[in-house]
Amino acid sequence: MADNAVATAVSSSSGSTDPVLLVSDDQGVRTLTLNRAGAFNAFNTELKAQFLPALRAAAADDSVRAVVITGAGRAFCSGQDLKEHLSLSAAGDPSVATTVPDFYNPMIETVIGMRKPVIAAVNGVAAGAGAALAFACDLRIAAESATFTMAFAGVGLTADSGASFTLPRLIGLGRATALMFSGERVGSAEAMRIGLVTGVAPDDELSTTTATTARALAAGATGSYGWIKASLHVGVTGALGATLAFEEEAQRACFASADHREGMQAFIDKRAPQFQGR
C-alpha cells in the first residue's frame, strides 16, 4: 500500500516475535494480511482468534469503505492448520468439533454479510478453507503464480467455509463437483477462464493492482455497494418475487441517501461525484 498507510500488527501469543495478523489502513481501505508465511498462512487457534474479530471490526467501522484480505509469503491461505488439528484431535480437544460453527461459519458470514466491498488478493496457494475464504469475497484478484485447490476430500473431509454455497455459484455445479472430488490444482489462467477469479496480475504487480481497485471502491458509494451486494445474494438464492421486493427496499434506502443526491448533482454539474459513503 502507499507510504501514508497506517499499519498495526496484532501480537502473537505463541512465543513467536512475528504477529500472525497484520492490519493496515490507507485511504479508506483496510488490509488484513495473514502472516504465518512459514505455515502457508494456515488457520491455527491463534490466527483464528485474531482474524474473526478483525473482520468484524472492519465491518463495523464506517471509516473503512473497502477491505482487502491477503497473505504473506508464497501463500494466500492453505486452510486449516493440519498439524495443530492432528495434535488437538489426538488430545481429544473439544475445539476440533466446534471450529466450524465457532470460526469458519462466522468468518464466511461476516465476509458475505459485510456491507462494503471485500477483495481477496490471492498471492499464492489458496487451499481448502483458504480457497473458500477467497470465493466468499466480492472480487478475487490473483497473482499469476496463484493456485486454488479444494483440498477437503484429500484429507477425508467434506466442504466447509461456505464452499458448497459459493463455488457452484461461481463456476457451476458440475465443475464445482469435479474440483471438490479431485482436489485438482487450478492455476490463475484457468481460474480466470472459468470465472473463479475476477482478475489476474503479474506477481510483482498484485499489490498495486489490488490497491488501485480497492481505493476506487473506497471512494465510491459505499451504501450502494452494500445494497448491491445484498441484492445479488438474495437474487441467486431467492424467487423472483422475493428478489423484486428486496430490490424495492434497497432502492428506497438509496433514494434517501446523501450519496444518491451527490451522484445526481454531480451528473447535472458534469463533474466527478464526491461520495461520502452515506
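## With respect to helix α9 (residues 222–237)
Its 16 residues place the ends of α9 23 Å apart at the C-alpha level, agreeing with the 22 Å of an ideal helix rising 1.5 Å per residue. What α9 keeps buried is the set Thr222, Gly226, Trp227, Lys229, Ala230 and Ser231. Buried residues along α9 sit in contact with α3 (95–113), β6 (118–122), α8 (206–218), α10 (240–255) and α11 (258–269).

## Thoughts on the packing of aromatic side chains
Applying the stated rule across the entire model yields six aromatic pairs. Ring centres of Phe43 and Phe51 lie 5.7 Å apart, and the angle between their planes is 40°; this geometry places the pair in the tilted category. Ring geometry for Phe135 and Phe148: centres 6.0 Å apart, planes at 25°, overall stacked. With Phe135 in helix α4 (residues 129–136) and Phe148 in strand β9 (residues 147–149), this residue pair connects regions lying 13 residues apart in the sequence. Per residue, the accessibility class of Phe135 equals that of Phe148, and both read buried. The structure contains a cluster of three or more aromatic residues connected by ring pairs, namely Phe43, Phe51, Phe103 and Tyr104. The ring of Trp227 is capped by Arg115, whose NZ or CZ atom sits 4.4 Å from the centre of that ring. Residue placement shows Arg169 over the ring face of Phe165; its charged tip is 3.9 Å from the ring centre.

## Let's talk about the confidence of the model for the chain
On average, residues of the chain score 93 in pLDDT, and 94% of them are at 70 or above. Confidence drops under a pLDDT of 50 for residues 1–5, and excluding neighbours within four residues, the segment shows 14 contacts in the predicted structure.

## Structural notes on the environment of Ser164
Inspection of the secondary structure assignment puts Ser164 in helix α5 (residues 163–171). C-alpha of Ser164 to C-alpha of Ala253: the two residues are 89 residues apart in sequence and 31 Å apart in space. With residues near it in sequence (within four places) discarded, Ser164 still touches Ala159 and Met180.

## Looking at the pairing of strand β2 (residues 21–26)
The sheet contact formed by β2 and strand β3 (residues 29–34) spans six bridges and is antiparallel. Counterpart to Val23 in the pairing with β3 is Leu32.

## As for the environment of Thr243
When you line up the elements, Thr243 lands in helix α10. Setting aside residues up to four positions removed in sequence, Thr243 forms contacts with Val234, Gly235 and Gly238.

## Digging into the pattern of salt bridges
Evaluation of the coordinates by the stated rule reveals nine salt bridges. For Arg215, the salt bridge identified is with Asp26, shortest N-O distance 2.9 Å. Here the residue Arg215 occupies a position in helix α8, and Asp26 occupies one in strand β2, the gap between them amounting to 189 residues. Assessed through its relative accessible area of 24%, Arg215 is described here as partly exposed. Relative accessible area serves as the criterion here: at 3%, Asp26 is assigned to the buried category. Between Asp61 and Arg30 there is a salt bridge; the shortest N-O distance is 3.3 Å.

## Brief notes about the packing of α5 against helix α6 (residues 173–182)
It is the contact of α5 with α6, at a shortest axis distance of 7 Å, that shows an interaxial angle of 125°. With respect to α6, the axis of α5 lies oblique. Regarding α5 and α6, the two cross each other, and that crossing is right-handed. Facing Ala163, Ser164, Leu167, Pro168 and Ile171 of α5, the residues of α6 in contact are Leu173, Arg175, Ala176, Leu179 and Met180. Among the residues making up the contact of α5 with α6, the classes are represented as eight nonpolar, one polar and one charged.

## Thoughts on the sheet that holds strand β10 (residues 185–187)
Here four strands make up an open sheet; going across it, the order is β5-β7-β9-β10 and the pairing mixed. Of all the strands in the sheet, just β5 (75–77) and β10 have a single pairing partner and so form its edges. For this sheet, the mean inter-axis angle between neighbouring strands, taken without regard to orientation, is 20°. Where β9 meets β10, three bridges bridge the pair, whose relative direction is antiparallel. Its bridge partner lying in β10, Thr147 is registered against Gly187.

What counts and what doesn't
- Residues numbered from 1 in each chain as written.
- Predicted model: local features only at pLDDT ≥ 70, side-chain atom pairs only at ≥ 80, totals over all residues.
- Heavy atoms only, no water.
- Helix = DSSP H or I, 4+ residues; strand = E, 2+ residues; numbered from the N terminus.
- Expected span 1.5 Å × (residues − 1).
- Buried < 20%, exposed > 50% of the residue type's maximum accessible area, 1.4 Å probe, protein only.
- Contact = heavy atoms within 4.5 Å.
- Phe/Tyr/Trp six-rings, centres within 6.5 Å; stacked < 30°, edge-to-face > 60°.
- Lys NZ or Arg CZ within 6 Å of the ring centre and 35° of its normal.
- pLDDT = per-residue confidence, 0-100.
- Pairing = 2+ DSSP bridges.
- Salt bridge = Lys/Arg side-chain N within 4 Å of Asp/Glu carboxyl O.
- Axes fitted to C-alpha atoms, helices over the stretch in contact; angles between N-to-C directions.
- Parallel < 35°, antiparallel > 145°, perpendicular 65-115°, else oblique.
- Left-handed = near helix turned anticlockwise from the far one by under 90°.
- Nonpolar A, V, L, I, M, F, W, Y, C, P; charged D, E, K, R; others polar.

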